[in-house]
Amino acid sequence: MRQDWIPLNCGENGVKNKWKVNCLDRHVQTCPERVALIWERDEPGTEVKITYRQLLELTCRLGNLLKRQGVRRGDCVTIYMPPCPLAVASMLACARIGAAHNVVFAGFSSEALADRIRDAQSSTVITVNQGVRGGKVVDLKRTVDQAVQNCPSVQQVLVAMRTENTVAMTDRDVPLEEEMMKEDVVCEPVAMDSEDVLFLLYTSGSTGKPKGLVHTQAGYLLYTSLTHRYVFNYHDGDVFGCVADIGWITGHSYIVYGPLCNGGTTVLFESTPVYPNPGRYWEMVERLGINQFYGAPTAIRLLLKYGDEWVQNYNRSSLKTLGSVGEPINTEAWEWYHRVVGDGRCPVVDTWWQTETGGICIAPRPSDPEAEIVPGMAMRPFYGIKPALLDTEGEVLSSNDSTGALCISQAWPGMARTIHNHHQRFTETYFHPYPGFFFTGDGAHRSKEGYYQIVGRLDDVINVSGHRLGTAELEDVVNQCPGVAESAAIGYSHDIKGEGVYVFVVLKKAVMVEEDVLAQQLREMVSRSIAKYACPDFIQVVRCLPKTRSGKIMRRVLRKVVERNTDELGDLSTLDDPDSVHEVISGHRRLC
Ligand code: ATP
Ligand code: MG
């Protein structure tokens with residue numbers, strides 16, 4: 001292997017240092033052997049470590065290969081890969097040659113993938129022969145083959161080998177490792193304008209058709225690196241464990257760009273929280289010495305069902321900060337995360353943000369390390385973020401102890417610049433509802449002390465006889481019922497009240513409970529904690545809730561089912577488990 005390329009590529013004070021080499025080259029100059037990536041493969045104990053020097057080499061080879069395949073500055077490459085070093089190198093290789101990337105979560109169907117390839121007009125797709133997740137092999141290349149049949153723009157598919165199984169290759173397919181090894185380990189980074197596109201990424205689709213949001217070079221990187229450092233209190237030498245998938249914005253910002261820009265060591269988690277057993281996360285924390293752990297409430301609620309022992313079996317003394325993202329974290333899950341996982345000594349940072357915002361906008365920290373953190377609250381705006389709450393008339397609610405539409409009143413570096421090919425949809429969605437403000441689509445409450453709490457999506461707000469109820473508030477109470485693992489609250493149209501409350505509940509494992517006792521208990525709890533008018537009219541027990549593949553509850557689908565509008569379920573391309581919807585439609589056990 002050639003060793004002489006590092007100094008050649010980026011001399012200490014050379015002009016090239018001005019270029020966008022923030023995630024790799026400058027760390028290779030100072031600490032080439034530092035571990036950049038820990039690839040936590042599906043099978044526990046088989047992790048692979050990649051240093052900054054190795055990652056730069058992979059990235060350069062891939063960049064050269066992409067150029068040889070005709071990818072040019074300004075093109076958009078679709079990446080359909082599970083978390084793995086070559087996926088990260090592919091993203092960085094695109095950035096290096098000035099191409100944008102469009103990472104599609106490798107659990108999406110061929111149609112969902114085809115939609116995104118077509119929208120991005122990619123001529124190149126990068127994938128793996130097969131994925132491995134939860135002990136199962138998934139034929140990703142086959143999904144790509146099906147997708148590209150309906151994507152005339154695609155000229156080549158680069159195929160990496162995750163498993164040893166060969167897959168059928170066509171003239172269009174390029175064996176990635178074989179071809180990249182023919183390339184040089186030097187690839188000059190292209191200088192880009194700060195406002196040039198870095199990537200596009202589709203939202204989760206919780207509320208409708210996913211939007212292909214566009215993020216740009218300088219502001220995004222600055223914002224992700226700052227939030228990564230300050231929100232999580234990340235220090236040099238820490239091991240950062242974000243267990244999201246790289247196919248979501250959380251993966252882009254807090255697995256790839258934020259940590260790598262900070263010269264950090266970042267974990268790429270290929271498996272699931274319950275493989276081979278529900279102790280997986282914590283066994284990994286012990287084995288890899290993870291210092292900051294960043295996960296989603298849906299996984300915390302799932303693990304909570306299995307009891308404390310799965311956590312306590314492992315040494316978690318390396319943990320310093322615990323993070324949560326994706327949905328409101330209910331009080332019971334927050335307390336468990338804090339008390340059991342963090343032994344009551346690690347701050348839990350509930351981080352509110354969106355694909356649109358690029359990075360974390362509201363989170364308990366930064367502030368002084370002793371500052372108060374209230375369970376289940378995102379709390380404080382990050383530097384430069386100016387939140388505003390607006391009422392239904394569009395008036396700014398300036399006093400504390402108020403609830404309204406969460407908006408942001410001035411631009412910040414990490415914000416998305418447009419929706420790919422749909423700038424009008426961008427302005428209509430985010431800037432027209434409240435002129436002069438960026439509208440997030442979420443509702444929030446500002447407490448007497450001035451702290452922010454997300455109350456759910458505004459589309460999901462339930463209006464009972466003129467009282468507006470946030471789904472998070474209702475579900476938080478329902479989830480505190482001892483037998484309940486998780487729940488979803490929706491409004492349905494009611495002749496007298498305008499809307500009534502309908503709650504779906506998933507019971508904890510092995511819970512035997514009389515259904516009318518449970519209904520009675522839930523009603524009493526809601527009436528005591530919120531108000532009598534908030535009591536559910538209907539409660540339905542289900543095995544699981546319809547969720548997006550990123551783990552968010554799709555309440556809009558439940559609403560359609562309850563309204564008996566099952567022919568109009570809307571865009572289901574991001575739905576995780578179609579059976580969850582069939583089950584809700586057919587075999588429902590309505591308690592009251
Ligand atoms: P779409 O915009 O296509 O409907 P989505 O909103 O689910 O999909 P994302 O950008 O992945 O797509 O998710 C951002 C949303 O997730 C936020 O707007 C908010 O509703 C929710 N969210 C994220 N983090 C938190 C949090 N800490 N607390 C409460 N809600 C959160
Ligand atoms: Mg959204």
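Summary of the structure given here. Model, not experiment: these values are computed from the prediction. For every chain, the first residue of the written sequence is number 1, and numbering continues from 1 onward in sequence order. For this description, chains carry letters from A and ligands carry numbers from 1, given in the order in which they are written. Confidence filtering applies because this is a predicted model: local features only for residues at pLDDT of at least 70, side-chain atom pairs given and counted only at 80 or more, and all residues used for totals across whole chains, interfaces and linings. For the side-chain quantities, the full set of heavy atoms in the structure was used; hydrogens and water were omitted.

### With respect to the packing of aromatic side chains
Short version of the rule: When the centres of two rings from Phe, Tyr and Trp lie within 6.5 Å, Trp using its six-membered ring, the rings pair. Their planes under 30 degrees apart give stacked, over 60 give edge-to-face, and anything left gives tilted. Helix and strand definitions follow DSSP, with helices as H or I runs of at least four residues and strands as E runs of at least two, each counted in order from the N terminus. Exposed residues in this analysis have more than 50% of their type's maximum accessible area, buried residues have under 20%, and partly exposed residues fall in between, with area computed by a 1.4 Å probe over protein chains only.
Counting across every chain of the model gives 29 aromatic pairs. Both rings, one in Y254 and one in Y294, keep their centres 5.9 Å apart while their planes meet at 80 degrees; by these two values the pair is edge-to-face. With Y254 in helix α9 (residues 249-261) and Y294 in strand β14 (residues 292-295), this residue pair connects regions lying 40 residues apart in the sequence. Here Y254 and Y294 have matching classes, each one buried. An angle of 80 degrees between the planes, with centres 5.3 Å apart, marks the rings of W412 and F438 as edge-to-face. With W412 in the loop between β18 (402-408) and β19 (418-419) and F438 in strand β20 (residues 438-446), this residue pair connects regions lying 26 residues apart in the sequence. Look at F438 and you get buried, because its relative accessible area is 4%. Pairwise contacts between aromatic rings join F232, Y234, F240, Y254, Y294 and W353 into one cluster.

### A short note on the nonpolar core
Note the threshold: We call a set of buried Ala, Val, Leu, Ile, Met, Phe, Trp, Tyr and Cys residues a nonpolar core when their side-chain atoms join them within 4.5 Å. By definition, residues are in contact when any of their heavy atoms lie within 4.5 Å.
Formed by 105 residues in total, the largest nonpolar core has its most connected members in L55, M81, L92, V256, Y257, L260 and Y294. If you tally residues by element for this core, the top one is helix α4 (residues 85-97), at ten residues. Not counting chain neighbours up to four residues away, the residues in contact with L55 comprise L24, A36, L37, I50, P85, V88, A89, L92 and L260. The next biggest cluster of nonpolar side chains, apart from the first, holds 33 residues, and it includes F269, I300, Y314 and A333.

### Considerations on the site of ligand 1
Counted only if it meets this: Nearness is judged by heavy atoms alone; a residue qualifies as near a molecule or strand once a single heavy atom is within 4 Å of it. Polar contact is defined as a pair of N or O atoms within 3.5 Å, subject to the rule that within protein one atom must be able to donate a hydrogen and the other to accept it, and that residues adjacent in sequence are counted only when both atoms are side-chain atoms. Per-residue and other accessible areas were derived by the Shrake-Rupley procedure at a 1.4 Å probe size, with only the shown protein chains allowed to occlude residues.
Surveying the vicinity of ligand 1 reveals 20 residues, the closest of which are T203, S204, S206, T207 and T355. Interatomic distance of 2.4 Å between a side-chain N/O atom of T207 and an oxygen atom of ligand 1. D442 places a polar side-chain atom, nitrogen or oxygen, 2.7 Å from an oxygen atom of ligand 1. Protein burial of ligand 1: of its 630 Å² of free accessible surface, 95% is covered by the chains.

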